[in-house]
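Each chain, written out:
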Amino acid sequence: MLYRPPAPTPRAPLPGLIHAMLSGERDLLSLLPDIAYTTRVGELGRSRRGIMLVNDPAWVARVLADPEGVFPKNDLMVGALEGLVGQSLFVTSGETWRRQRRMIDPAFSHMRVNRSFEAMQAGIDTYEAVLDVHADSGTTFSLDAAMSALTADIICRTIFTQSLASQTARDVFASFGQFERHVANTEIRRLLFGRPFAPIPQSRAVLDACARIRGHIDDLLSPRLEPGAPAIDDIVGAVIAATDPDTGAPFTRSELIDQIGVFFLAGHETTASVLTWLFFILAQLPQIAGRIRAEIDAVAGDGPILLEHTKQLAFTRNVFREGMRLYPPITFIPRVAQRDTEIAGKKLRRGMMVMIAPWLVHRSPANWRDADRFDPDRFTRDGEITPGSYIPFGLGPRICVGAAFATIESTLILARLVRRYDFSLLNPDKVRPVARLTTKPADEILCRIALRPD
Ligand code: HEM
């Protein structure tokens with residue numbers, strides 16, 4: 001099996017840049033030159049602020065561990081998210097972040113993931129009814145839109161104990177879509193020519209979307225914050241109840257909106273992104289889909305797939321992990337040098353961008369054998385993964401709080417939908433990935449499904 005799923009063809013640096021500027025392409029993936037895949041640590045191209053690329057796993061781990069606080073989140077990323085979730089865990093640094101992380105970690109504890117499993121099952125049950133109609137009628141539908149709808153419903157049920165069916169929840173997701181389409185976080189001109197730490201103006205469309213989302217989250221929170229409101233055992237309940245271990249103070253209302261906003265944002269487009277790529281790949285690799293079905297048969301037979309089964313689906317989980325290696329939902333994890341410093345003996349001036357890109361680290365030939373090939377079995381081979389070479393959830397103190405949740409959720413969705421349907425694609429040759437807020441197909445992936453015989 002030598003299947004290599006789609007990726008941009010890296011060009012030499014100058015022709016690549018000219019192509020990107022002339023074509024008005026907004027996509028940073030197609031701008032990455034060939035040397036970006038092989039550089040270990042080195043300056044990438046010429047830009048006003050300077051970009052230090054780090055692909056070497058040991059240095060990736062050291063920069064992300066950042067014990068001295070020299071490499072906070074990059075100002076371009078912070079500027080993009082400021083209006084929406086500026087005081088959230090994802091964006092803050094230093095003492096503010098440490099306090100928030102201590103308060104939020106318990107909401108995503110092992111116990112809580114166990115409880116979220118019901119929400120995952122209910123979301124999949126509801127969405128299978130939609131997919132059954134597609135299967136019956138033979139309709140063509142967008143794979144990426146389907147995965148977004150499914151994961152949005154699950155995150156809504158998990159956070160708020162409400163399905164996406166409510167009007168407010170639907171409005172929140174429509175506004176998130178608008179935010180994602182328009183937010184200026186991947187503007188190539190700003191990356192190349194912008195000054196570090198300069199303000200990032202956002203369009204009216206983005207500001208309006210931010211105001212609408214925050215307003216809706218506030219509405220959803222209101223009844224939960226009424227005096228005497230019953231405590232509900234969901235993620236919002238856990239975050240409302242959280243207190244600062246030092247002062248005993250809870251989150252302010254505005255901070256609550258920030259945290260919940262980031263759970264919505266980070267919690268569904270990421271899983272939707274990797275699942276889209278995985279169903280696209282599985283439609284072309286029936287032998288892998290067959291191995292997933294055989295594993296489910298062995299673990300759960302014909303019965304429902306329960307949490308303990310999901311944890312035993314080792315091959316299915318490796319398919320998910322390989323999907324995240326080749327299509328890491330968070331394409332780039334940028335940092336900024338807070339002061340003059342060094343990485344691997346290379347000098348960095350204050351304001352220089354430190355570019356750690358899961359996309360590049362995962363496709364670097366020095367980090368992975370046959371790096372472009374889809375091969376879930378690589379995770380069972382000794383010595384294939386070194387610390388710092390596999391970073392879909394980040395690494396170090398700022399590693400994703402939702403990693404355990406996302407792994408269970410994605411494994412379950414893969415297992416249930418692969419068991420029930422055969423997927424076929426209409427336009428596989430036209431599919432190409434681009435980097436937006438997550439790694440997405442440039443255009444919709446159109447597909448059809450058929451119910452499998454019982
Ligand atoms: C496949 C799914 C997911 C992927 C690939 C992913 C990836 C990541 C990555 C790479 C980071 C680190 C960013 C950095 O260091 O700059 C991160 C952080 C974070 N993620 Fe996720 N994530 C996923 C799912 C989720 C879910 C389900 C939630 C919550 C419901 C979530 C909430 C967060 C939060 C709050 C942070 C910030 C943590 C901090 O800075 O302390 N993520 N995620």
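Preceding this section is the structure that the text describes.
Keep in mind that this is a model prediction, so the values were computed, not measured.

Definitions and limits used
- Residues numbered from 1 in each chain as written.
- Predicted model: local features only at pLDDT ≥ 70, side-chain atom pairs only at ≥ 80, totals over all residues.
- Heavy atoms only, no water.
- Donors = N, O, S within 2.8 Å, 3.2 Å for Na, K, Ca; no water.
- Helix = DSSP H or I, 4+ residues; strand = E, 2+ residues; numbered from the N terminus.
- Expected span 1.5 Å × (residues − 1).
- Buried < 20%, exposed > 50% of the residue type's maximum accessible area, 1.4 Å probe, protein only.
- 1 Å grid on protein atoms, 1.4 Å probe; cavity = no way out; pocket = protein on both sides within 12 Å on 5 of 7 lines; lining within 4 Å.
- Points joined across faces, edges and corners; volume = space filled by probe spheres on them.
- Nonpolar A, V, L, I, M, F, W, Y, C, P; charged D, E, K, R; others polar.
- Axes fitted to C-alpha atoms, helices over the stretch in contact; angles between N-to-C directions.
- Parallel < 35°, antiparallel > 145°, perpendicular 65-115°, else oblique.
- Left-handed = near helix turned anticlockwise from the far one by under 90°.
- Contact = heavy atoms within 4.5 Å.
- Core = buried A, V, L, I, M, F, W, Y, C linked by side-chain atoms within 4.5 Å.

**Details of the coordination of the iron atom of the ligand**
Here comes step 1: What the protein offers the iron atom of the ligand as a donor is a single atom, Cys400 (SG), at 2.3 Å.
Here comes step 2: By secondary structure assignment, the location of cysteine 400 is in the loop between α16 (358-363) and α17 (403-420).

**Considering helix α7 (residues 143-160)**
Here comes step 1: Helix length check: α7, at 18 residues, gives a terminal C-alpha distance of 26 Å against a target of 26 Å (1.5 Å per residue), a fit within 8%.
Here comes step 2: Summarising burial for α7: 16 of the 18 residues are buried, a large majority.
Here comes step 3: Where α7 terminates, the next one or two residues include threonine 161, which has phi positive at roughly 55°.

**A few points about the layout of surface pockets**
Here comes step 1: Its volume calculated, the largest pocket comes out at about 660 Å³.
Here comes step 2: Ser148, Glu180, Arg181, Glu269 and Lys440 are the residues nearest the centre of the largest pocket, which is lined by 27 residues in total.
Here comes step 3: Mapped by element, the contributors of at least two residues to the lining of the largest pocket are α7, α8 (167-182), α12 (253-284) and β10 (439-441).
Here comes step 4: Grouping the amino acids of the lining of the largest pocket by side-chain chemistry returns 11 nonpolar, seven polar and nine charged.
Here comes step 5: One number sums up the size of the second largest pocket: a volume of about 490 Å³.
Here comes step 6: Contributing elements (two or more residues each) for the lining of the second largest pocket: α13 (286-300) and α17.
Here comes step 7: Partitioning the lining of the second largest pocket into residue classes produces five nonpolar, one polar and nine charged.

**Overview of the packing of α7 against α17**
Here comes step 1: At a closest axis distance of 12 Å, the pairing of α7 and α17 adopts a crossing angle of 130°. Accordingly, the angle class assigned to the pair α7 and α17 is oblique. As for the relative orientation of α7 and α17, their crossing is right-handed in sense. In this structure, α7 contributes Met147, Leu150, Thr151, Ile154, Ile155 and Thr158 to the contact, and α17 contributes Phe405, Glu409, Ile413 and Leu417.
Here comes step 2: Residues of the contact of α7 with α17, tallied by class, amount to seven nonpolar, two polar and one charged.

**Points about the nonpolar core**
Nonpolar side chains tend to gather and get buried jointly when the protein is soluble and globular.
Here comes step 1: In this structure, Phe264, Phe279, Phe280, Val319 and Leu417 are the most contacted members of the largest nonpolar core, which totals 124 residues.
Here comes step 2: Contacts of phenylalanine 264, omitting those with residues within four sequence positions, involve Ile155, Cys156, Ile159, Phe160, Val172, Phe173, Phe176 and Ile217.
Here comes step 3: Among the nonpolar cores identified, the runner-up in size contains 17 residues, and Val60, Val70, Phe71 and Leu348 belong to it.

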